[in-house]
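Structural overview for review
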Amino acid sequence: MESREKRILIVGGYGQVGSNLARLIRKADGAIELILAGRNPQNGEVLAKELTNAGTAYVNLEEGFDLSQFGKIHLIISALGDHSNILRETAILNGIACITVSELADQISPTAFLSLHKTISAPIVFAGHWQAGLLTLVVKQLAAKFSRIIRIETVGLYDEKDPVGPLVTNEVTGFVGQALIRQEGKWLSVEAKNNARAIDLYNHSSTAGYPMSTLDVPSIAAFTGASNVRFDFAVGESIGSSKGLEASHDLYIEIEGVLLSGEKSKLRTIVSGPRGNSHLTAVGVYLITENILGLNGRSAQKKGGLYLPENIVSTDNIINRLKEFGIDTFEEIN
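Residues numbered from 1 in each chain as written. Predicted model: local features only at pLDDT ≥ 70, side-chain atom pairs only at ≥ 80, totals over all residues. Heavy atoms only, no water.

Assigned secondary structure in the protein chain consists of 10 helices and 16 strands. Since a compact globule built from 334 residues should have a radius of gyration of about 20 Å, the 19 Å found for the protein chain is in line with a globular shape. For the protein chain, the C-alpha atoms occupy an extent of roughly 55 × 50 × 40 Å along the three principal directions. Looking at the protein chain residue by residue over its 334 residues, the buried ones come to 56%. For the protein chain, long-range pairs separated by at least 24 residues make up 70% of all intrachain contacts whose partners lie at least 6 apart in sequence. In the form shown here, the protein chain has an accessible surface area of approximately 14,500 Å², with 48% of it arising from carbon and sulfur atoms. Between the averaged position of the 31 positive side-chain charges in the protein chain and that of its 36 negative side-chain charges there is a distance of 5 Å. (Helix = DSSP H or I, 4+ residues; strand = E, 2+ residues; numbered from the N terminus. Rg over C-alpha atoms; globule rule 2.2 N^0.38 Å. Buried < 20%, exposed > 50% of the residue type's maximum accessible area, 1.4 Å probe, protein only. Contact = heavy atoms within 4.5 Å. Areas by Shrake-Rupley, 256 points an atom, 1.4 Å probe, with all protein chains shown as cover. Lys, Arg positive; Asp, Glu negative; His and termini not counted. Charge placed at Lys NZ, Arg CZ, Asp CG, Glu CD.)

Attention shifts here to the pairing of strand S8 (residues 178-183). For a regular strand, the rule is simple: side chains alternate between the two faces of the sheet. Sheet topology places S8 next to strand S9 (residues 186-191); six bridges connect them, and they run antiparallel. Paired with Gln183 across the two strands is Lys186, which belongs to S9. Here S8 folds back onto S9 in antiparallel fashion, the turn holding two residues, of which Glu184 has a positive phi close to 50°. (Pairing = 2+ DSSP bridges.)

Now for the pattern of salt bridges. Counting across every chain of the model gives 15 salt bridges. The residue Arg268 makes a salt bridge to Glu254 at a minimum N-O spacing of 3.2 Å. Pair noted here: Arg268 is in strand S14 (residues 264-273) and Glu254 is in strand S13 (residues 249-259), with a separation of 14 residues, a long-range link. By relative accessible area, Arg268 is classed as buried at 12%. Put simply, Arg321 and Glu290 hold a salt bridge, and the shortest N to O gap is 2.9 Å. Placement of the pair is Arg321 in helix H10 (residues 318-323) and Glu290 in helix H9 (residues 277-293), with a sequence separation of 31 residues. A residue is classified by how much of its surface remains accessible, and Arg321, at 13% relative accessible area, is buried. Glu290 sits in the buried class, given a relative accessible area of 0%. Among the ionic contacts, a cluster of salt bridges with common partners joins Arg151, Glu153, Arg197, Arg230, Asp232 and Glu256. (Salt bridge = Lys/Arg side-chain N within 4 Å of Asp/Glu carboxyl O.)

So, on to the packing of helix H1 (residues 16-28) against H9. Between H1 and H9, the shortest axis-to-axis distance is 8 Å and the interhelical angle comes to 45°. In terms of their interaxial angle, H1 and H9 are classed as oblique. Crossing handedness for the pair H1 and H9: right-handed. Between H1 and H9, the residues in contact are Gln16, Val17, Asn20, Leu21, Leu24, Ile25 and Ala28 and Ser278, His279, Thr281, Ala282, Val283, Val285, Tyr286 and Thr289, respectively. Tallied by class, the residues present in the contact of H1 with H9 amount to nine nonpolar, six polar and no charged. (Axes fitted to C-alpha atoms, helices over the stretch in contact; angles between N-to-C directions. Parallel < 35°, antiparallel > 145°, perpendicular 65-115°, else oblique. Left-handed = near helix turned anticlockwise from the far one by under 90°. Nonpolar A, V, L, I, M, F, W, Y, C, P; charged D, E, K, R; others polar.)

All right, on to the sheet that holds strand S6 (residues 123-126) then. Strand order in the open sheet formed by seven strands is S3-S2-S1-S4-S5-S6-S15, and the pairing between neighbours is parallel. The open sheet terminates on both sides in strands that have one partner only, identified here as strand S3 (54-58) and strand S15 (305-307). For this sheet, the mean inter-axis angle between neighbouring strands, taken without regard to orientation, is 20°. As defined by bridge partners, strand S4 (residues 75-78) adjoins strand S5 (residues 97-100) across four bridges and the pair is classed as parallel. Among the inter-strand pairings, Leu75 is bridged to a residue of S5, identified as Ala97. Most of the contacts of H1 go to strand S1 (residues 7-11), to which it runs at about 165°, and overall it touches S1, strand S2 (33-38) and S4.

How two aromatic rings sit relative to each other is given by the distance of their centres and the angle of their planes. All chains considered together, the criterion is met by seven aromatic pairs. Aromatic pair Trp130 and Phe233: ring centres 6.2 Å apart, planes at 65°, arrangement edge-to-face. Of this pair, Trp130 sits in the loop between S6 and helix H5 (134-143) while Phe233 sits in strand S12 (residues 228-235); the two residues are 103 residues apart in sequence, bridging distant segments of the chain. Like Phe233, Trp130 is buried. On the numbers, 5.3 Å between centres and 50° between planes, the contact of Tyr158 with Phe233 is tilted. Placement of Tyr158 in strand S7 (residues 146-158) and of Phe233 in strand S12 is noted, with a sequence separation of 75 residues between them. A relative accessible area of 3% means that Tyr158 is categorised as buried. (Phe/Tyr/Trp six-rings, centres within 6.5 Å; stacked < 30°, edge-to-face > 60°.)

On average, residues of the protein chain score 91 in pLDDT, and 95% of them reach the 70 mark or higher. Looking at the elements of the protein chain, mean pLDDT is at its lowest for helix H6 (residues 165-175), recorded as 50, and at its highest for H5, recorded as 98. (pLDDT = per-residue confidence, 0-100.)

Burial analysis of H5 places eight of its 10 residues in the buried class, which makes it a mostly covered element. Of all the residues in H5, the buried ones are Leu134, Leu135, Thr136, Leu137, Val138, Val139, Leu142 and Ala143.

Mapping Thr207 onto the fold places it in strand S11 (residues 206-211). At a separation of 2.7 Å, a polar atom in the side chain of Thr207 contacts the main-chain carbonyl oxygen of Val235. If sequence neighbours within four positions are ignored, Thr207 has contacts with Leu157, Arg197, Ala198, Ile199, Leu201, Ala234 and Val235. (Polar contact = N/O pair within 3.5 Å; in protein donor to acceptor, adjacent residues only side chain to side chain.)

This is the structure in structure tokens:
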């Protein structure tokens with residue numbers, strides 16, 4: 001396989017997202033060497049032993065980043081916040097593939113400008129979409145049912161019973177401010193707290209959603225041409241909790257437009273990850289990793305450049321693919 005004897009550096013590799021991701025990679029390929037890095041590498045030693053062919057390393061991005069300590073690296077994955085773009089810029093300047101998951105729409109311009117001045121010889125993937133692109137990947141498959149799309153409204157629903165729910169809720173409180181939305185064909189930057197909308201949940205309750213500038217918004221607008229696109233963050237009871245099970249992380253998708261048959265329709269889809277937020281995000285990153293390195297018999301993406309999840313991962317059958325990871329999908333057509 002093309003992935004043999006590869007080395008992946010996962011910064012944040014023993015956190016909730018990083019550990020889920022590392023296990024997915026190891027399940028797919030036993031030969032890849034994994035380096036689990038972070039501020040407290042001792043916290044990753046048990047995981048490293050479990051994975052085999054893995055080790056830990058100290059990385060504190062506030063102190064800088066020294067790539068030379070790791071030897072040859074084939075892929076850098078940032079599973080934590082890197083607001084100074086240290087890892088991505090290091091990857092670009094050294095010809096290493098890179099996946100980052102924490103940027104909002106207004107934070108990618110430095111890399112876009114850098115790409116116009118430097119040759120990018122390996123794939124650099126902006127995966128600051130919700131759950132590293134899973135939401136947008138599903139939207140792209142569903143959009144193929146329509147000849148024209150008028151409106152796409154999406155939601156990421158956190159259940160406070162999710163182990164990372166309270167943490168993320170606190171984080172979102174800090175960065176839900178001005179939000180990028182597309183409204184009647186115009187790009188607007190709106191104050192999130194003044195632009196809430198009611199979200200009807202699976203259990204027939206309702207909660208408030210607040211717009212966020214995730215990369216899903218410009219991505220979805222780009223490949224659908226929809227004149228109305230927004231992503232909202234909401235807190236409420238998940239499908240898992242409503243069934244008396246563990247808290248799930250749920251993604252709500254509503255598409256309004258004209259079907260290929262010519263009929264006007266609204267399609268509502270819910271993607272539910274019964275293992276919560278961190279597992280969904282890990283699956284999103286894994287699908288990108290799979291295509292960069294050529295795991296599971298796939299051809300490796302060797303052409304350098306800037307990528308998004310939806311133009312590096314095939315969406316033709318993504319809903320069925322997600323079932324392999326225990327992720328459920330419910331569809332309603334009006």
